[in-house]
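So you can see what is in the structure, the chains are spelled out below.
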Amino acid sequence: MSTTCRQETMHSVWDAPYFTGVTTMNIYCTPWCGGHPKPENTIRFHTREEAELAGYRPCRNCCSTLPRGSWEDHKHEIKLFIPAEFNFEENVKYLLRSSNECLHRIDNNRIYKSLSVADETPVIEIRAGDCRELVVRFLGDTAPSRKWVRAEVARYVREWFDLDRDIVPFYRLAESDPLLKGPVQSFRGLRTVGIPDLFEAVTWGILGQQINLTYAYTLKRRLVENFGRSVDCEGETYWIYPTPDKIAACSVEDLAVLRMTVKKCEYLIDTAKRIASGELSKLGLLQTGSHQAAEKMLTSIRGIGPWTANYVSMRCLRFPSAFPIDDVGLHNAMKHILGRDSKPSKAEIRQLSAGWSGWESYATFYLWRVLY
């Protein structure tokens, strides 16, 4: 089937059961969008065409933005069509960086993970297919019965691997950059592997503050196994990250099982309460329009500093210019590539990164990859 035919066919066979227009922002959303507009500011449309004819544009935060022709639905498996600048094996290698990861497992170059979508918990296997595609297979009896849930799985995986971003301009600038040329040649096809869920991204950033990566994974496992939920499928146990509501209902004493500082426990609970109430949302942060504005909003929250804010902007909000300039891993990677005995100063980092404008997040991610 030609690309054009595939796009037309895919657009005609999938969609949400309805779309919600947000009158105050002139956008339309799918039912599974993370935003929480006031009911009095919403209007329902039966189809996306109806919404677009009314002058509404797609929401950037939900499956309204799933590109036409980007996937095929076969009920018990879905296929995602991927760009040439994507190497599945390179992304799998990144996901293997910790043996203590609790939210996915990798076996025989296949990724296994559970997701929570509405009232369903599909367990998926992701593998490389033929002709530039990823095959996502639903394990056991977990295949979603509703097409829009399968569409959300497709959206999640595409966002997880940043498949809808054209990174050719990044590769072009890297060709002549002394710090990026080597990493891009070594890890070509690697994407900035994301954390699509805002609560997971923010709390992972908080957990990782001022500790090494190994211990951060230990804290994450404690959090997930004590406050998340699990699903058993085909002889394996899969974990789902705790919800904001779950942590918002906890006291500092409840989180003592994590064995981390009281302040970090307070930060987790406060963040959970803000997200659970809708005060802080992914949609709200995206609507700020820039990583600087999102950083300002995030750093107004106790326990979230510039590093955490930029980390969230990189891996969840997907602002390509987000730049955690104070990151120790970034400093160590630069030190290694430059062959120095000491880390570069902040002034030197600014000078060395001057040519990365608009691609600071990808540059950072590739430099991090040098250390694994």
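Just above, that's the structure.
Residues numbered from 1 in each chain as written. Predicted model: local features only at pLDDT ≥ 70, side-chain atom pairs only at ≥ 80, totals over all residues. Heavy atoms only, no water.

Draft legend 1. Spatial organisation of the side chain of Thr 192. Following the sequence through the fold, Thr 192 ends up in the loop between α6 (181–186) and α7 (198–207). Sequence-distant contacts of Thr 192, defined by excluding residues within four places in its chain, comprise Trp 160, Asp 162, Met 314, Arg 318, Ser 361, Tyr 362 and Phe 365. (Helix = DSSP H or I, 4+ residues; strand = E, 2+ residues; numbered from the N terminus. Contact = heavy atoms within 4.5 Å.)

Draft legend 2. Structural context of the sheet that holds strand β3 (residues 42–45). Spatially, four strands are ordered β3-β1-β2-β4 in an open sheet, and the strand pairing comes out mixed. Both edges of this open sheet fall to β3 and β4 (57–58), since each of them pairs with a single strand only. Pairing analysis gives three bridges linking strand β1 (residues 19–22) to strand β2 (residues 27–29), with the strands arranged antiparallel. The residue of β2 that forms the bridge with Thr 20 is Cys 29. (Pairing = 2+ DSSP bridges.)

Draft legend 3. Layout of the nonpolar core. With 106 residues, the main nonpolar core has Ile 126, Leu 134, Phe 161, Phe 170 and Trp 356 as its most contacted residues. Leave out the neighbours within four places in its chain, and Ile 126 touches Phe 88, Asn 109, Arg 110, Ile 111, Leu 134, Val 135, Val 136, Val 157, Trp 160 and Phe 161. (Core = buried A, V, L, I, M, F, W, Y, C linked by side-chain atoms within 4.5 Å. Buried < 20%, exposed > 50% of the residue type's maximum accessible area, 1.4 Å probe, protein only.)

Draft legend 4. Spotlight on the sheet that holds strand β7 (residues 105–107). The strand order across the open sheet formed by six strands is β5-β6-β10-β9-β8-β7, and the pairing between neighbours is antiparallel. Either end of the sheet is taken by a strand with one partner, and the two such strands are β5 (71–73) and β7. Strand-to-strand twist across the sheet, computed as the mean angle between neighbouring axes with direction ignored, equals 20°. In terms of strand pairing, β7 meets strand β8 (residues 110–114) through three bridges, oriented antiparallel. Within the sheet, the bridge partner assigned to Arg 105 lies in β8 and is Tyr 112. Along the sheet, helix α4 (residues 147–160) makes contact with β5, β6 (77–81), β8, β9 (123–128) and β10 (133–138), crossing β6 at roughly 40°. (Axes fitted to C-alpha atoms, helices over the stretch in contact; angles between N-to-C directions.)

Draft legend 5. Structural context of the environment of Glu 125. Structurally, Glu 125 can be placed in strand β9. The residues contacting Glu 125, other than those within four sequence positions of it, are Arg 110, Ile 111, Tyr 112, Val 135, Val 136, Arg 137 and Leu 139. A distance of 2.8 Å separates the side chain of Glu 125 from the side chain of Tyr 112, its partner in a polar contact. (Polar contact = N/O pair within 3.5 Å; in protein donor to acceptor, adjacent residues only side chain to side chain.)

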